[in-house]
Amino acid sequence: MIIGSRRRPTIASKFRQRRWALAVPFFTQSSTFSELWPETRRHIVDVLDRGKYSHGHKVVELEEALAAYTGAKHVVGVNSGTDALVLLLRACGLRPGDEVVVPAFSFVASASAVVLAGGRPVFADIEPDGYGIDPAALAAVATERTRFVMPVHLFCQPADMTGVGETARGLGLAVVEDSAEAIGMRYGGTHAGLLGAGGVLSFFPTKTLGALGDAGAVLTDDPVVAETVAALRHHGRFGPTAAHFPAINTTTGAVGVNSKMDDLQAAVLLAKLDRLDADVERRAVLAHRYTELLADVPGVRKLPSVLPRRADVRGVFYVYAIEVDRRDELAAHLAARGVGTETYYPTPLHLQPCFADLGHRPGDFPRAEAACRDALALPLYPDLREADVALVCQGIRDFYRFAEAA
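Below is a short write-up of the structure. (Residues numbered from 1 in each chain as written. Predicted model: local features only at pLDDT ≥ 70, side-chain atom pairs only at ≥ 80, totals over all residues. Heavy atoms only, no water.)

**Points about the environment of Val115**
For step 1, the next point in the chain: Summarising the element assignment, Val115 is placed in helix α5 (residues 109–116).
For step 2, the next point in the chain: Here Val115 falls in the partly exposed class, since its relative accessible area comes to 42%.
For step 3, the next point in the chain: Linking Val115 and Phe355, residues 240 residues apart in sequence, is a C-alpha distance of 9.8 Å.
For step 4, the next point in the chain: The residues touching Val115, leaving out its near neighbours within four places in the chain, are Pro121 and Phe355. (Helix = DSSP H or I, 4+ residues; strand = E, 2+ residues; numbered from the N terminus. Buried < 20%, exposed > 50% of the residue type's maximum accessible area, 1.4 Å probe, protein only. Contact = heavy atoms within 4.5 Å.)

Written out as structure tokens, the structure reads:
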């Protein structure tokens with residue numbers, strides 16, 4: 001050891017410094033998992049005792065629990081929400097080159113799943129007062145090659161499924177829902193994902209029901225769709241495969257993929273499912289507090305709300321997204337104060353480089369482009385304290401006060 005030398009910081013120490021510097025992280029569930037550890041441990045020990053760690057009894061148990069929660073006749077667990085979309089589209093009969101209309105404002109997986117399933121995404125603008133696909137825009141972009149429409153339920157509410165359903169029926173289109181964010185959301189009493197041929201759930205850690213890694217599920221009332229998805233997730237093997245080890249003798253009836261759900265993720269999700277309704281209520285309380293504190297802030301032009309529809313809607317606040325002036329400057333200001341935010345979404349789908357071959361230009365879908373320019377997601381999760389919400393809102397208020405004074 002050289003006298004006077006300074007010990008170099010380890011990766012772990014750097015992480016601790018970074019973590020403690022963040023006053024309000026965009027997402028954390030450390031307190032939740034501490035509280036749930038006894039129940040989580042019970043489910044994990046059950047997995048270990050059975051000795052099958054993928055696509056086993058715990059996955060079946062989760063599928064049954066999710067069916068009871070959502071009202072779906074069939075739930076098929078897979079390894080991500082993206083795979084759920086791909087397999088659902090294939091199971092619903094998507095053929096190579098078929099067009100699927102997708103809103104231009106969404107996460108890229110909504111459109112990339114269409115490509116991965118063999119189809120071609122066709123983009124449509126979003127409704128003027130929300131982030132769902134505009135039924136009038138759907139009618140304007142559909143062609144003779146269009147076979148599906150994929151409404152996306154974003155942030156806190158379902159899309160206008162009455163308008164989408166009427167337009168789809170008039171055009172002869174099947175409806176497949178990207179309901180990855182929508183657990184707990186209902187439209188006319190029906191759970192999101194069950195208003196068409198089927199839908200999906202994502203259990204990415206930040207979701208309303210989140211795992212410790214990637215996991216997803218397909219929801220459907222159609223037994224043929226469910227059977228096909230179940231086969232495709234397991235290399236195209238039809239017949240019983242869950243808890244069958246190693247399932248190498250099952251007949252392969254289609255070219256599938258390896259998208260089996262991990263039983264350890266199912267164990268975590270089962271432990272969290274019991275408190276899902278309480279978490280949904282907690283999110284609603286925090287969202288209401290944000291709305292109270294931001295209602296009169298100059299520069300905050302739009303606060304999220306569940307829009308009135310032609311059917312009763314149960315919204316769930318997965319993301320609290322506001323629209324603001326000078327969005328990127330505000331995000332930088334909050335980051336300097338230790339507040340994490342996320343941009344949902346920085347680039348509309350039609351302008352993503354991976355879809356450049358579709359030939360779109362800026363201005364093609366102005367509402368989606370405006371949302372990408374102005375929307376900012378604030379921290380929202382059950383572990384968040386109301387004092388944290390107040391700190392975030394004070395940071396926003398200070399930014400615009402300083403901006404006015406400059």
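More follows now that the structure is in view.
**Re the sheet that holds strand β12 (residues 320–324)**
Hydrogen bonds between backbone atoms are what pair the strands of a sheet, whose relative direction is either parallel or antiparallel.
For step 1, the next point in the chain: The strand order across the open sheet built from 3 strands is β10-β12-β13, with neighbouring strands paired in antiparallel fashion. Of all strands in the sheet, those bounded by a partner on one side alone are β10 (300–302) and β13 (375–378). Averaged over neighbouring strand pairs, the angle between their axes works out to 50° when direction is ignored.
For step 2, the next point in the chain: Taken together, the 4 bridges between β12 and β13 define a ladder with antiparallel strand orientation. Its bridge partner lying in β13, Ala321 is registered against Ala377. (Pairing = 2+ DSSP bridges. Axes fitted to C-alpha atoms, helices over the stretch in contact; angles between N-to-C directions.)

**Things to note about the pattern of salt bridges**
For step 1, the next point in the chain: Counted by the stated rule, this structure contains 26 salt bridges.
For step 2, the next point in the chain: Close ionic contact of Arg301 with Asp374 constitutes a salt bridge, the shortest N to O distance being 2.8 Å. Pair noted here: Arg301 is in strand β10 and Asp374 is in helix α12 (residues 366–374), with a separation of 73 residues, a long-range link.
For step 3, the next point in the chain: Accessibility expressed as a relative area gives 46% for Arg301, which makes it partly exposed. (Salt bridge = Lys/Arg side-chain N within 4 Å of Asp/Glu carboxyl O.)

**Considering helix α4 (residues 81–91)**
For step 1, the next point in the chain: Most of α4 is tucked away: 8 of the 11 residues are buried.
For step 2, the next point in the chain: On its buried face, α4 is in contact with β1 (74–78), α5, β5 (174–177), β8 (198–202), β9 (216–220) and α8 (223–232).
For step 3, the next point in the chain: One or two steps after α4, the chain reaches Gly93, where phi turns positive at roughly 100°.

**Some thoughts on the packing of aromatic side chains**
For step 1, the next point in the chain: Considering all chains together, one arrives at 14 aromatic pairs under this definition.
For step 2, the next point in the chain: Ring centres of Tyr131 and Phe155 lie 5.1 Å apart, and the angle between their planes is 70°; this geometry places the pair in the edge-to-face category. Highlighted residues: Tyr131 in the loop between β3 (120–124) and α6 (135–141) and Phe155 in the loop between β4 (146–149) and α7 (161–171), separated in sequence by 24 residues.
For step 3, the next point in the chain: On the accessibility criterion, Tyr131 (9% relative accessible area) is buried. (Phe/Tyr/Trp six-rings, centres within 6.5 Å; stacked < 30°, edge-to-face > 60°.)

**Points about the pairing of β12**
Looking down a regular strand, the side chains alternate between one sheet face and the other.
For step 1, the next point in the chain: For β12, the tally of buried residues reaches 5 of 5 residues, placing the bulk of the element in the interior.
For step 2, the next point in the chain: Burial of the side chains of β12 extends over both faces: Tyr320, Ile322 and Val324 are buried on one face and Ala321 and Glu323 on the other.
For step 3, the next point in the chain: Of the strand pairs in this sheet, β10 and β12 are connected by 2 bridges, and their pairing is antiparallel. Counted as the bridge partner of Lys302 is Glu323 from β12.

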